[in-house]
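Breakdown of the fold
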Amino acid sequence: APVRHPYVSENTAHNLSHLLLCAYKHFSYDPPIWLDEGLAHAIEKEVNPEFTTTDGEEGAMRDTKGPSDWWAAARKLAASGKAATFAQLMHAKSF
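Quick summary incoming for the structure in this document.

Calculation notes
- Each chain has its residues counted from 1, running along the sequence as written.
- With the structure being a predicted model, the display of local features is reserved for residues of pLDDT at least 70 and the display and counting of side-chain atom pairs for 80 or more, all residues being used for whole-chain, interface and lining totals.
- Note that the side-chain values use all heavy atoms of the structure and ignore hydrogens as well as water.
- A run of DSSP states H or I qualifies as a helix once it reaches four residues; a run of E qualifies as a strand once it reaches two. Both are numbered from the N-terminal end.
- Should any heavy atoms of two residues lie within 4.5 Å, those residues are counted as being in contact.
- For the accessible areas, the method is Shrake-Rupley and the probe is 1.4 Å, while residue cover comes only from the protein chains on display.
- Site definitions follow a grid-based scheme: protein atoms alone, a 1 Å grid, a 1.4 Å probe that fits but cannot get out for cavities, and for pockets an open set with protein on both sides within 12 Å along at least five of seven lines, plus lining residues having an atom within 4 Å of a point.
- Grid points are joined across faces, edges and corners, and a volume is the space filled by probe spheres set on the points.
- When residue character is reported, Ala, Val, Leu, Ile, Met, Phe, Trp, Tyr, Cys and Pro are called nonpolar, Asp, Glu, Lys and Arg charged, and the others, Gly included, polar.

A few words now on the overall build of the protein chain. A tally of regular secondary structure across the protein chain gives 4 helices and 0 strands. Order of helices (α) and strands (β) in the protein chain, N terminus to C terminus: α-α-α-α. Sequence separation of at least 24 residues holds for 51% of the intrachain contacts in the protein chain that already meet a minimum separation of 6. By element, 60% of the accessible surface of the protein chain is carried by carbon and sulfur atoms, the whole surface being about 7,700 Å².

Below you can see the structure in the form of structure tokens.
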């Protein structure tokens, strides 16, 4: 049986999402960060709901634990009224 390296499928799905969204317009425009990252995380959650791709500065500890139910956490944040509006997100350049 083939040996599956841990998290290759999840990372591949996440990164292909970035490539497909950005390549849609020939890499001429940067999509809104919330759309780019949100889509990538949503697609990786389809591969493995328990996985969260994270990034950190070199030498920094990174938080690799996400909520166990990402969709429920997203719905809870949206219902709380504490989430940024789409108008605010359109101007976000980073997290």
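On to the layout of surface pockets. Space left empty within the atom packing is revealed by a probe, the size of a water molecule, rolled over the atoms. When its volume is computed, the largest pocket comes out at roughly 730 Å³. Those elements giving two or more residues to the lining of the largest pocket turn out to be helix H2 (33-47), helix H3 (70-80) and helix H4 (86-90). Sort the elements by how many residues they give to the lining of the largest pocket and H2 lands first, with 8 residues. Among the residues forming the lining of the largest pocket, the class breakdown is 18 nonpolar, 4 polar and 1 charged.

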